[in-house]
Amino acid sequence: MIKIRGLNKWFGDLHVLKDIDMDVSPKEVVVVIGASGSGKSTLLRCLNFLEFAQKGHIYIDGVEANAKSRNLHTVRADVGMVFQHFNLFPHRTVMGNVIEGLTQVKKTPYKEAVEHGEDLLRKVGLSDKAYVYPAMLSGGQKQRVAIARALAMKPKIMLFDEPTSALDPELVGEVLQVMKNLAIEGMTMMVVSHEMGFAREVGDRVVYMDEGRIIEEGPPSEIYSNPKNERTKAFLGQIL
Amino acid sequence: MIDLPWDFTAIPRFFPGFYAAALLTLQITFFGILVGLILGLVTGLMRLSKNPILNMPAKAYIWVIRGTPLLLQLMIIYYGLIDLVSIDRMPAAILGLGVHNGAYIAEIFRGAIQSVERGQREAALSLGMTETQAMRRIILPQAFKRSVPPLGNQFIIALKDSSLASAIAVRELLLRARQMGSSTLMMLEMLMIVGVYYLLMTTVLNLLMGRIEKLLEVSDYKD
Ligand SMILES: Nc1ncnc2c1ncn2[C@@H]1O[C@H](COP(=O)(O)OP(=O)(O)OP(=O)(O)O)[C@@H](O)[C@H]1O
Ligand SMILES: [Mg+2]
């Protein structure tokens, strides 16, 4: 589904991603962990072309895409992104947020888009909030709207960048539940998160990043209980 | 009782005689602002572009216009360009005020656009929207709302600045006051009449902008 080869990214002199190679198969759930500044967000943002790597190749569903690709926006539509700070559109209602991509990008007729939006809101448990503005929602509700908004585009893969780390602890569960359901339905997902319960339950693979490199990867049970690399051990010791 | 050299009863008596001039003031201001808004939006967006072919002219325009007096700009348009194109005084005043305000409005729009969080653009792009769609559907609506208070301020300045059109012989309020003052020998009284006119107009404009701000707040959504 996603193939990354020799990806390198610099911000000025700062070498943020170093020779990243990675494959994500269809229906796979990959959880990315690593210390602050290790490049997790940057990796996700490169996959959605919000940042451009200077070296290396990214293939989405077999097709290479990069800064020069002509239809980058159509590539982005196939890659859903959920942000740490939700980034809902404050001037649109919940429904307006969810159908924005449908009506503007897919040119779905309004009525059809709303019907689809209703299905999606039901799925994330927010049917009763369709016509309120994001400001009226809790953090957990906002994030569920953001997930529905991304899902509306029927993406081939969903990227989550620390979707629960801006939430009050009691709201984390409802968002993780929606993500778990997605994983069970077979959505391909790449999730930056330190929620170990989530990773153990639905993660197929955990990838540990350190200073821009992938240092260790494997099934959650192995990485969490039995890390091979010293740095992985030290990192897990800190977050557990 | 001291005998004052002024006859303030002249104020209500002559007040209606300024209607036509007030109308001209309003016209210059209204159309000047309209031109300014269009110019401001276009050059504000150009100014934000990464392409130097777009942002350099915008920067130059803003630099020159904000760095020179409006009075000079009006005179250049009306007297200076007369050999090239002869522009009537009203259009010249509107053009001058519009071009002048455009530079300030450009900066207002630029600031408002830049104040919209980066994540808004990114969320829009991540849905597959183009840069243009993201700007039009997501960023500009939020930026417009944020630019209402500074725009209101600018409109008031524009209304008062329209008095400079008197220097190119537009018979708006100030010129009318000076002419009436000379012919009636009641200069202070006539100047006070236009003072009242300006105060009334700026007050109404202020109330109007406050209303618009309130209206936008009703659908407010601030995170
Ligand atoms: N736009 C940018 N310009 C310059 N440097 C940046 C930019 N974005 C990120 N960086 C730097 O790149 C490095 C990697 O950042 P990144 O956000 O990918 O880390 P992260 O693993 O997601 O960290 P965190 O857990 O704190 O979110 C950091 O040193 C960061 O300061
Ligand atoms: Mg990050």
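Heads up: the structure comes first, above all this text.
Given the structure is predicted, the values throughout are model-derived calculations rather than measurements.

Visitor: Whenever I open this one, the overall build of chain A confuses me. Can you help?
Guide: Scanning chain A from N- to C-terminus turns up nine helices and ten strands. Taking the principal axes of the C-alpha coordinates as reference, chain A spans close to 55 × 45 × 30 Å. The contacts of chain A with a sequence gap of at least 6 include a subset with a gap of at least 24, amounting to 65%. Of the accessible surface of chain A, which amounts to about 10300 Å², a share of 49% is contributed by carbon and sulfur atoms. Of the charged side chains in chain A, 30 are positive and 30 negative; the average position of the first set lies 4 Å away from that of the second.

Visitor: In this structure, what is going on with a nonpolar patch on the surface? I would like to understand it.
Guide: Together, Leu4(B), Trp6(B), Phe8(B), Leu188(B) and Met192(B) make up a nonpolar patch on the protein surface, roughly 440 Å² of accessible area in all. Judged by its relative accessible area of 35%, Phe8(B) falls in the partly exposed class.

Visitor: Looking at this structure, I do not really get helix H6 (residues 118-126) of chain B. What am I missing?
Guide: Each α-helix winds once per 3.6 residues, and so residues spaced three or four apart point in a common direction. Across the nine residues that make up H6(B), a large majority, seven, are buried. Summarising the contacts, the buried residues of H6(B) are in contact with helix H1 (40-47), helix H2 (72-77), strand E6 (79-82) and helix H5 (139-151) of chain A together with helix H7 (131-161) of chain B. Positive phi shows up at Gly128(B), right after H6(B), with a value of about 100°.

Visitor: Help me understand helix H8 (residues 173-184) of chain B, please; the structure alone is not making it clear to me.
Guide: All names here are of chain B. Compared with an ideal rise of 1.5 Å per residue, which puts twelve residues at 16 Å, H8 spans 16 Å between its outermost C-alpha atoms and is within 8% of the ideal. Residues Leu 173, Leu 175, Arg 176, Ala 177, Met 180 and Gly 181 constitute the buried set of H8. For H8, the N-terminal cap is Glu 172; the gap from its side-chain oxygen to the backbone nitrogen of Leu 174 is 3.1 Å. Of the residues flanking the end of H8, it is Leu 185, one or two places downstream, whose phi is positive at about 60°.

Visitor: Just to check I follow, could you spell out the interface of chain B and chain A for this structure?
Guide: By a frequent convention, interface size equals the accessible area lost on bringing the separate parts together. Facing 21 residues of chain B, the contacting portion of chain A comprises 26 residues. Approximately 2100 Å² of surface area, both sides summed, lies buried where chain B meets chain A, with 57% of it carried by carbon and sulfur atoms. Our count for the contact surface shared by chain B and chain A stands at two salt bridges. One salt bridge connects Glu100(A) with Arg137(B), and the closest N-O pair in it is separated by 2.8 Å. Applying the counting criterion to the chain B and chain A interface returns seven residue pairs in polar contact (both at pLDDT 80 or more). Among the secondary structure elements, those contributing two or more residues to the side of chain B that touches chain A are H6 and H7 of chain B.

Visitor: Would you mind showing me how to read the pattern of salt bridges here?
Guide: All names here are of chain B. By the definition in use, this model includes 24 salt bridges over all chains. Glu 131 is the partner of Arg 121 in a salt bridge, and the nearest nitrogen-oxygen pair spans 2.8 Å. A residue pair is termed long-range when its members are at least 10 positions apart, and Arg 121 in helix H6 and Glu 131 in helix H7 qualify at ten residues. For Arg 121, a relative accessible area of 31% translates into the label partly exposed. Residue class for Glu 131 comes out partly exposed when judged on its relative accessible area of 43%.

Visitor: Before we go on, may I ask you to explain the site of ligand 1 in this structure?
Guide: Residues and elements named next belong to chain A. If you check the shell around ligand 1, you find Phe 11, Leu 14, Val 16, Ala 35, Ser 36, Gly 37, Ser 38, Gly 39, Lys 40, Ser 41, Thr 42 and Glu 162 and nothing else. Contact distances for ligand 1 include 2.4 Å between an oxygen atom and a side-chain N or O atom of Thr 42. Taking 630 Å² as the accessible area of ligand 1 by itself, protein coverage stands at 61%. Listing elements by their share of the shell around ligand 1, those giving two or more residues are strand E2 (14-24) and H1. The dominant element in the shell around ligand 1, judged by the number of residues it contributes, is H1, at three residues.

Visitor: What's the story with the sheet that holds strand E4 (residues 55-60) of chain A in this structure? I'm lost.
Guide: Within a beta sheet, neighbouring strands are joined by backbone hydrogen bonds and run either parallel or antiparallel to one another. Residues and elements named next belong to chain A. The sheet built from four strands is open, its strands ordered E2-E1-E4-E5 with antiparallel pairing. Across the chains shown, the open sheet's two edge strands, defined by having one partner strand only, are E2 and strand E5 (63-64). With seven bridges connecting them, strand E1 (residues 2-11) and E2 associate as antiparallel partners. Bridge pairing in E2 places Phe 11 opposite Leu 14.

Visitor: Would you explain the packing of aromatic side chains in this entry?
Guide: Within a pair of aromatic rings, the relevant descriptors are the distance that separates the centres and the angle that separates the planes. Applying the stated criterion across every chain yields a total of eight aromatic pairs over all chains. Each ring, one from Phe49(A) and one from Phe52(A), has its centre 6.5 Å from the other, and the planes form 35°; the classification is tilted. Under the relative-accessibility criterion, Phe52(A) is labelled partly exposed at 32%. Consider the rings of Phe30(B) and Phe31(B), whose centres lie 5.2 Å apart with planes at 85°: the pair is edge-to-face.

Visitor: Before we go on, may I ask you to explain the environment of Lys68(A) in this structure?
Guide: In this fold, Lys68(A) is placed in the loop between E5 and H2. For Lys68(A) and Tyr208(A), which are 140 residues apart along the polypeptide, the C-alpha to C-alpha distance reads 30 Å.

Visitor: What is the right way to look at unusual backbone geometry in this model?
Guide: Negative phi is the rule for most residues except glycine; trans is the rule for most peptide bonds. Residue and element names in this part refer to chain A. The phi dihedral of Lys 27 falls on the positive side, at around 70°, and the residue is not glycine. Checked against the element boundaries, Lys 27 lands in the loop between E2 and strand E3 (29-34). Despite not being glycine, Lys 107 shows a phi value in the positive range, around 55°.

Visitor: What exactly am I supposed to notice about the side chain of Thr202(B) here?
Guide: Checked against the element boundaries, Thr202(B) lands in helix H9 (residues 187-218). When residues no more than four places from it in sequence are discounted, the contact partners of Thr202(B) are Ile156(B), Leu159(B) and Lys160(B).

Visitor: When you look at the sheet that holds strand E10 (residues 213-218) of chain A in this model, what are you seeing that I'm missing?
Guide: Residue and element names in this part refer to chain A. Spatial strand order, E6-E7-E8-E3-E9-E10: six strands in an open sheet with mixed pairing. The open sheet has two free edges, formed respectively by E6 and E10, since each of these has just one partner strand. Pairwise comparison of adjacent strand axes, ignoring direction, gives a mean angle of 20° for this sheet. In this structure, strand E9 (residues 205-210) lies alongside E10, joined through five bridges in antiparallel fashion. Counterpart to Asp 210 in the pairing with E10 is Arg 213. Strand contacts of H5: E6 and strand E7 (157-161), with the helix running at about 170° to E6, the strand carrying the most contacts.

Visitor: Got a minute to help me understand the packing of helix H2 (residues 19-48) of chain B against H7(B) in this structure?
Guide: Relative orientation and spacing of two packed helices are given, respectively, by the angle between their axes and the distance between those axes. Residues and elements named next belong to chain B. One way to put it is that H2 packs onto H7 with a least axis distance of 11 Å and a crossing angle of 145°. H2 and H7 meet at a crossing whose hand is right-handed. Where H2 abuts H7, its residues Thr 25, Thr 29, Ile 33, Leu 37, Leu 41 and Leu 45 lie against Met 135, Phe 144, Leu 151, Phe 155, Ala 158 and Leu 159. Of the residues that constitute the contact of H2 with H7, the class distribution is ten nonpolar, two polar and no charged.

Conventions adopted
Residues numbered from 1 in each chain as written. Chains lettered and ligands numbered in written order. Predicted model: local features only at pLDDT ≥ 70, side-chain atom pairs only at ≥ 80, totals over all residues. Heavy atoms only, no water. Helix = DSSP H or I, 4+ residues; strand = E, 2+ residues; numbered from the N terminus. Contact = heavy atoms within 4.5 Å. Areas by Shrake-Rupley, 256 points an atom, 1.4 Å probe, with all protein chains shown as cover. Lys, Arg positive; Asp, Glu negative; His and termini not counted. Charge placed at Lys NZ, Arg CZ, Asp CG, Glu CD. Patch = residues over 30% accessible without salt bridge, like charges linked within 9 Å, V, L, I, M, F, W, Y side chains within 5 Å. Salt bridge = Lys/Arg side-chain N within 4 Å of Asp/Glu carboxyl O. Buried < 20%, exposed > 50% of the residue type's maximum accessible area, 1.4 Å probe, protein only. Expected span 1.5 Å × (residues − 1). Polar contact = N/O pair within 3.5 Å; in protein donor to acceptor, adjacent residues only side chain to side chain. Buried area = accessible area lost by both parts, 1.4 Å probe. Near = heavy atom within 4 Å. Pairing = 2+ DSSP bridges. Phe/Tyr/Trp six-rings, centres within 6.5 Å; stacked < 30°, edge-to-face > 60°. Axes fitted to C-alpha atoms, helices over the stretch in contact; angles between N-to-C directions. Left-handed = near helix turned anticlockwise from the far one by under 90°. Nonpolar A, V, L, I, M, F, W, Y, C, P; charged D, E, K, R; others polar.

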